[in-house]
Amino acid sequence: MNIQPKTKRFNQNILTKYQIYNSIFITLPFDNISNTGVLMPLLKSECEKGFAKGLTPLEIIDKFFYKYQDNASEKEKIDLLFKFIQYIERQVVLFDAIEDAAFPVIHNLDGIGTLRNTKEEAFSQNKKEALQNYLEAFKVRLVLTAHPTQFYPGSVLGIITDLTNAIERNDLVNIKKLLAQLGVTPFLKAEKPTPLDEATNLIWYLENIFYHAAGSIYNYIESNIYEGKDIKNEFISLGFWPGGDRDGNPFVTTEITEKVAKKLRQSVLRNYYRDIRKLRRKLTFKKVANIVLEIEDKLYRSFIEPDKIIYSQDELLTKLFEIKDLLVNDYQSLYLTELKDLIHKIRIFGFYFATLDIRQDSRIHQQVFTNITDSLEKEGSSIFPDNYNSLNEAEQIDFLSTISGSITSSQFQDELVVKTLGSIEALKKIQLSNGEKGANRYIISNNQSALNVMQVYAMLKLTAFQEDLTADIVPLFETVDDLLCSAEVMEKLYSNKEYRKHLEKRNNKQTIMLGFSDGTKDGGYLMANWSIFKAKEELTKISRKYNIKAIFFDGRGGPPARGGGKTHQFYASLGPTIENEEVQLTIQGQTISSNFGTTDSAQYNLEQLMSSGVSNEFFDSATNRLSDEQKEIMDELAHLSYSAYSEFKNHEKFLPYLEQMSTLKYYAKTNIGSRPSKRNNSDKLNFGDLRAIPFVGSWSQLKQNVPGFFGVGTALQKFEDNGSFDKVVSFYNNSKFFKSLIDNSMMSMKKSFFELTRYMEKDPEFGDFWKLIYDEFLTSKRLVLKLGNQSELMQNYPVSKASIEVRESIVLPLLTIQQYALKKVQELNKDPKADKKTLEVFEKIITRSLFGNINASRNSA
């Protein structure tokens, strides 16, 4: 049992081990530059002392070369910078592996937020039956996306896994070998991955992590909460975007979508096959052995011949239940637990592993729809009336709700139409091969109206489903304005008789997606989160009015600025005015590897999400309800911060600063994702086309983390100035929702380091703009500390704070090199006689430096 304080456990099991293994790592002779490992600590020391003295990155690197590499040529200096980058990348991997290995030691796997703790709390309060009833419908759905925030190629992920296992065993011989392997394994991807590559990388997590973690959770709930009673709810479900997310990604084709679905099916069947082979060694009984052999044979043929439907999920479960009855009746339930483990996994993952979502932007649908109606009119088709395009929105909605007819992608020439209709045909095809849950959601990005939904409704019916629409249409509301009118949009849909009939066939449930990433980019941190909270309240109210169960699906990224941070605390704080039958959210990039990279961490974090929903329903529902006064305070804070953020966003230097002083334009060169970093191909930077990931990530690379705090300080200062700061303090101390917002903002500020870019203060063009950001940071930091009665940021989360501090320390030389190269590029761009090859070298240094910093931060983009 862990009885030592968390910080002591962190120091003993993570920090000390890192120092020991890092001392081994930096002496490994795997490069052709002598003493690189010896020079690395010297560079780090120069960075720490240099920034403390107010030196610029340029001065720090030049001073380092002067002191330790005075006789080196320019080429040798550049080579050394690249070697430093490689070393730091691998130091980050080492720290990742050590943290992963220590996860069960640092975290209490039976403590607060775990299912065991939740069960004991419910049972002690005589809420056993209520908990059982609630869990019959409640579930957590994680949707894995391929958004480009993951820099580790598959080979490196494999090394991390092996290194984690070796560290757990304190196997020094293997640790040395793996560190040496790490030193010569490429981190760079020579080409951009295809959507199929991205899918393959993420399926590794399904096969090796989620398959086991979700199964263990189901086993625990059935055995300990339902006490062995058979239950139908799967509790956990997984979604999947690689291969189905077309929004802004021209490389996702119908063929790719179908290939990914096939790969998902093959992967889960392969896992079942492995499990049944293990069971065959145990189930050697007379009446059972032949049934197991039959199952093994059919599973094997199913995953090696994926185009043939040899076995169905129902057939497999029927056979397994036949074995279960035999074990219970004839063999004293011998190996029953192992058999039920497989049955539970099949209930969770079916023959599809994860539901492949289809997603596209409403603006694309509008183009597609116009093209379809024009083309059909030319063909003389009677599907649409001749005056369709001149009808108003309400008339178009009425017509589309009762539309009939049939179209196929092959009858059109326009590429967008062919791709869009092709994705719908693929959705239907996947349902036939993988089951309905294999692909049964169509998500509409940038949804602004009821018409956006009805256009998709019509295309689904005309192209593949006719009157039997076995798919959910999910509107995604993203901007502040769209969130504001979301309830009105949904009421129009609920009021439509035909759409209402469709919902009745879908169990009277409507999934609604809300985008934290673009919401924060559009409206700032406090306004985005408050707008989503209020939208959920209004959507819950309007859905309940029509007897519809609203299911909220949150589009969250890694950092607080994109809805990340300590997510489970957010869900535990929502209160009774927001529907909470399901917790659905996206996870991506480093959030997958950091929070779900091992079976222990995945099970722990899944349990935290499950317990947050239970806690909100059973233990904290009344206390989580915001009072009218609290809502007024939150509303004023949100509008004050929105005003400050909007003014900042509209500053004439805002976009030029990002273009010229940050790493924004280098994100597209990293080859980490198949999706372009902008929504169009224009050379001119347009804020609306800028994706949230490079936007937030660029601020992170600058160590300024603007989206996670800007406007917070200004809003809090208004209350301080008018003498009512005590009201905000009371709000913080008595509201889990507000506390989670402020605590997550603290995390963003904890990862900021303005000394890195202090030199910009003297820049003739951007000096005042830098000071504007820094002043807001200082104000925000001062007031959140005052609000929480803390002397340091994240004081109440000592282990997370310590982890951030170590990671930031590791990458400090990397960030210094990055800023050094950015400054060199700026100087070279001003020189008309500058050598083009030299410019390219420094730009390459900038691009290479992105990797380690993103991975070290674990939730930076």
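A quick note: this is a predicted structure, and the numbers were derived from the prediction, not measured. (Residues numbered from 1 in each chain as written. Predicted model: local features only at pLDDT ≥ 70, side-chain atom pairs only at ≥ 80, totals over all residues. Heavy atoms only, no water.)

## A word on the sheet that holds strand β5 (residues 441–445)
Inference 1: Judged by pairing direction, the sheet is parallel, and its nine strands sit side by side in the order β3-β2-β1-β9-β8-β7-β6-β5-β4 without closing on themselves. In this open sheet, the two strands that pair with only one neighbour each are β3 (355–356) and β4 (358–361).
Inference 2: The pairing of strand β1 (residues 139–145) with strand β9 (residues 582–588) spans seven bridges and is parallel. Residue pairing for β9: Val143 is matched across the bridge by Thr586. (Pairing = 2+ DSSP bridges. Helix = DSSP H or I, 4+ residues; strand = E, 2+ residues; numbered from the N terminus.)

## Here's the deal with a negative patch on the surface
Inference 1: Where like charges cluster on the molecular surface, the negative patch consists of Asp628, Glu629, Glu632 and Glu636.
Inference 2: Structurally, Glu629 can be placed in helix α27 (residues 628–649). (Patch = residues over 30% accessible without salt bridge, like charges linked within 9 Å, V, L, I, M, F, W, Y side chains within 5 Å. Areas by Shrake-Rupley, 256 points an atom, 1.4 Å probe, with all protein chains shown as cover. Salt bridge = Lys/Arg side-chain N within 4 Å of Asp/Glu carboxyl O. Lys, Arg positive; Asp, Glu negative; His and termini not counted. Charge placed at Lys NZ, Arg CZ, Asp CG, Glu CD.)

## Section: the packing of helix α15 (residues 393–401) against helix α17 (residues 450–465)
Inference 1: Packing of α15 against α17 brings their axes to within 9 Å, and their N-to-C directions diverge by 25°. Considering the angle they form, α15 stands roughly parallel to α17. By crossing handedness, the relation of α15 to α17 is classed as left-handed. On the side of α15, the interface is formed by Glu393, Gln396, Ile397, Leu400 and Ser401, while α17 contributes Ala450, Leu451, Met454, Gln455, Tyr457, Ala458 and Lys461.
Inference 2: In terms of residue class, the contact of α15 with α17 is made up of seven nonpolar, three polar and two charged. (Axes fitted to C-alpha atoms, helices over the stretch in contact; angles between N-to-C directions. Parallel < 35°, antiparallel > 145°, perpendicular 65-115°, else oblique. Left-handed = near helix turned anticlockwise from the far one by under 90°. Contact = heavy atoms within 4.5 Å. Nonpolar A, V, L, I, M, F, W, Y, C, P; charged D, E, K, R; others polar.)

## So, the confidence of the model for the chain
Inference 1: This prediction gives the chain a mean pLDDT of 89; 92% of its residues lie at or above 70.
Inference 2: Within the chain, β3 carries the highest mean pLDDT (98), whereas helix α26 (residues 621–624) carries the lowest (63). (pLDDT = per-residue confidence, 0-100.)

## Considerations on the packing of helix α31 (residues 725–734) against helix α33 (residues 767–788)
In a packed pair of helices, the relevant descriptors are the angle between the two axes and the axis-to-axis distance.
Inference 1: As a packed pair, α31 and α33 sit with axes 9 Å apart at the nearest point and diverge in direction by 65°. As for how α31 packs across α33, the hand of that crossing is right-handed. Two secondary-structure elements touch here, α31 through Phe725, Val728, Val729 and Tyr732 and α33 through Leu783, Lys786, Leu787 and Gly788.
Inference 2: Residues of the contact of α31 with α33, tallied by class, amount to six nonpolar, one polar and one charged.

## A few points about the side chain of Arg441
Inference 1: Tracing the backbone shows Arg441 in strand β5.
Inference 2: The buried category is assigned to Arg441, whose relative accessible area is 2%.
Inference 3: One polar contact links Arg441 to Asp357, side chain to side chain, over a distance of 3.0 Å.
Inference 4: A polar atom in the side chain of Arg441 sits 2.8 Å from the side chain of Gln584.
Inference 5: Dropping the residues within four chain positions of it, Arg441 is found in contact with Arg141, Val143, Asp357, Ile358, Leu427, Asp472, Val474, Thr511, Phe553 and Gln584. (Buried < 20%, exposed > 50% of the residue type's maximum accessible area, 1.4 Å probe, protein only. Polar contact = N/O pair within 3.5 Å; in protein donor to acceptor, adjacent residues only side chain to side chain.)

## Let's talk about the pairing of β1
Inference 1: Burial within β1 is extensive, with seven of its seven residues counted as buried.
Inference 2: Along β1, one buried face is formed by Lys139, Arg141, Val143 and Thr145 and the opposite face, lined by Val140, Leu142 and Leu144, is buried too.
Inference 3: Note: β1 against strand β2 (residues 236–240), five bridges, orientation parallel. Looking at β2, one finds that Leu144 is bridged to Phe240.

## Some details on the pairing of strand β6 (residues 472–477)
Inference 1: Counting buried positions over the six residues of β6 gives six, a clear majority of the element.
Inference 2: Burial of the side chains of β6 extends over both faces: Asp472, Val474 and Leu476 are buried on one face and Ile473, Pro475 and Phe477 on the other.
Inference 3: With four bridges connecting them, β5 and β6 associate as parallel partners. Within the sheet, the bridge partner assigned to Tyr442 lies in β6 and is Ile473.
Inference 4: The β-α-β motif built from β5, the intervening α17 and the parallel element β6 has right-handed crossover chirality.
Inference 5: Strand direction decides the pairing type here: β6 and strand β7 (residues 509–515), joined by two bridges, are parallel. Bridging from a neighbouring strand, Leu476 pairs with Met513 of β7. (Right-handed = clockwise from strand over helix to strand, strands pointing away.)

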